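Take a look at the letters that make up each chain.
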Amino acid sequence: SYVPAGLPAAEYQKIRDGEDKKKKANYDRNVKKAGVFEDYTEFYLKRGTDKNQKWKKSATLGHRMAKTKYDFDQVANDGKKYDGGYKR
């Protein structure tokens, strides 16, 4: 089989084995994710759209909001410090 010039066959095989191991681990990780989904009927019932229209007036319109990694409670304090005005 092919071995790059200047590289011993054993070392090249070790590199190839490592790459194969990474590929298999990635494949197995993705296989575990397959078929994981949420039933729309359950989502619909949880949202409450089958009973009334209150969800339409909510801030999220019936959507679930994602968590963020940042804290946006202090956003007002992070505004720009200089507004371009000239002070004498």
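For the structure itself, look to the data block above.
Rules and cut-offs
- As a convention, each chain's residues are numbered from 1 in the sequence order in which they are written.
- Local features in this predicted model are restricted to residues whose pLDDT is 70 or higher, and side-chain atom pairs enter the listing and the counts only when it is 80 or higher, whereas totals over whole chains, interfaces and linings include all residues.
- Only heavy atoms go into the side-chain values, all of them from the structure, while hydrogens and water stay out.
- Helix and strand assignments come from DSSP, with helices taken as H or I runs of at least 4 residues and strands as E runs of at least 2, each series counted from the N terminus.
- Each residue gets one of three labels from its accessible area relative to the maximum for its type: buried under 20%, exposed over 50%, partly exposed in between, using a 1.4 Å probe on protein chains only.
- Note that accessible areas follow from Shrake-Rupley with a 1.4 Å probe, and for residues the cover is restricted to the protein chains shown.
- It only takes one pair of heavy atoms within 4.5 Å for two residues to be counted as in contact.

> A description of the overall build of the protein should follow, citing residues and the corresponding values.
Per the secondary structure count, the protein includes 2 helices and 0 strands. When burial is assessed residue by residue, the protein has 6% of its 88 residues classed as buried. Of the roughly 9,000 Å² that the protein leaves accessible, carbon and sulfur atoms contribute 55%.

> With reference to specific residues and values, describe the environment of Arg-47.
Within the secondary structure, Arg-47 sits in helix α2 (residues 40-47). Along the chain, Arg-47 and Gly-62 lie 15 residues apart, while their C-alpha atoms are 6.0 Å from each other. Excluding residues within four positions of it along the chain, Arg-47 makes contact with Tyr-40, Trp-55, Leu-61 and Gly-62.

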